[in-house]
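Now for the letters of each chain:
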Amino acid sequence: MKPLLIVSHVACSRPGYLCDYLDQRSVGYQRFSIESDEPLPSANELSGVVLLGAPVSVNSGQDWIEQEIALVQDCTEREIPVFGICFGGQLISKAFGGEVYTAPSLQIGWHPISITEQARKLFNGNPIPESFNAFEWHEETFTLPSGAIPLFNDGCVGNQGFLHRGCLAVQFHPEVTEEIVAEWVGRYEACVDNPTLCIQDRSNILDELPQKLTAMRQMTDNLFDWWLCQVGVTTNSR
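Residues numbered from 1 in each chain as written. Predicted model: local features only at pLDDT ≥ 70, side-chain atom pairs only at ≥ 80, totals over all residues. Heavy atoms only, no water.

Some points on the sheet that holds strand β8 (residues 158-164)
An order of β2-β1-β3-β4-β9-β8-β7-β5-β6 is seen for the nine strands of this open sheet, with the pairing classed as mixed. Each end of this open sheet is capped by a strand with a single partner; those strands are β2 (29-33) and β6 (131-142). Adjacent strand axes in the sheet meet at a mean angle of 20°, parallel and antiparallel pairs treated alike. Bridge count between strand β5 (residues 100-115) and β6: 11 bridges; the pairing is antiparallel. Pairing of G109 across the sheet is with E136, part of β6. Against the sheet, helix α7 (residues 209-231) contacts β1 (4-8), β3 (48-51), β4 (82-85), β5, β6, β7 (149-154), β8 and β9 (167-170), and its axis sits at roughly 105° relative to β5. (Pairing = 2+ DSSP bridges. Helix = DSSP H or I, 4+ residues; strand = E, 2+ residues; numbered from the N terminus. Axes fitted to C-alpha atoms, helices over the stretch in contact; angles between N-to-C directions. Contact = heavy atoms within 4.5 Å.)

Below, the structure written as structure tokens:
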């Protein structure tokens, strides 16, 4: 089987739990950093692509962003599944005609995400809650491309995820670990100094962090399972 490609954009935005999940299931993947200045692999070399977050706008016009958009479009034409997280999800939206723009507020911390009726069909009848708490850290948000299926919503930015032609996009961060969350809070401490409805402070983010991550993974494992099925991998996580 051809490997999955996991694309990172900066050192502090790592695949984290996603790699743990894949390693536990012996799923092959290769990691690629945009900072390496190497060309992106061709779509025909891959079984699927995961695009991680980035502290820049997809509208900034950088060459590598245009190359990633082209890769998403090429993968879609070849029916190769793509999974976009935060910046990656915004990039998928833009690739298919959606709009990416500055959100009314930064959204940082743990926030309740509601699940659409369309999303429930992805989980093969498995019982899932009406909502779950997910970790957020973003300044921009996206509209849904024409024909996209809405999956998740919340009260701060609205759209939190969609499915479009084999591309799964989410705004939240299912990949974070304790180490990643603590690193982001420390690195970008000024962002959480003035909490609001959509921005949690440091203590609220870090309090009972292991339990919060465990609860989120009950839902995100469903997402990973579903996406790997599209890739052609059958999981035995349940």
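A short note on the state of the cysteines
Going through the model one piece at a time under the given rule, you end up with one disulfide. Shown here is the disulfide that connects C156 with C198, its sulfur atoms set 2.2 Å apart. One disulfide, between C156 and C198, carries an S-S torsion of -105° and so falls in the left-handed class. With a gap of 42 residues between them, C156 in the loop between β7 and β8 and C198 in the loop between α5 (178-187) and α6 (202-206) connect regions that are remote in the sequence. Residue classification places C198 among the buried positions, given a relative accessible area of 9%. You can see C86 has no disulfide; the closest cysteine sulfur is in C12, sitting 11 Å from it. Look at C86 and you get buried, because its relative accessible area is 5%. C167 provides the cysteine sulfur closest to C229, a residue in no disulfide bond, and the two sulfurs are 17 Å apart. (Disulfide = S-S within 2.5 Å. Buried < 20%, exposed > 50% of the residue type's maximum accessible area, 1.4 Å probe, protein only.)

Function-wise, these values are silent; they only describe arrangement.
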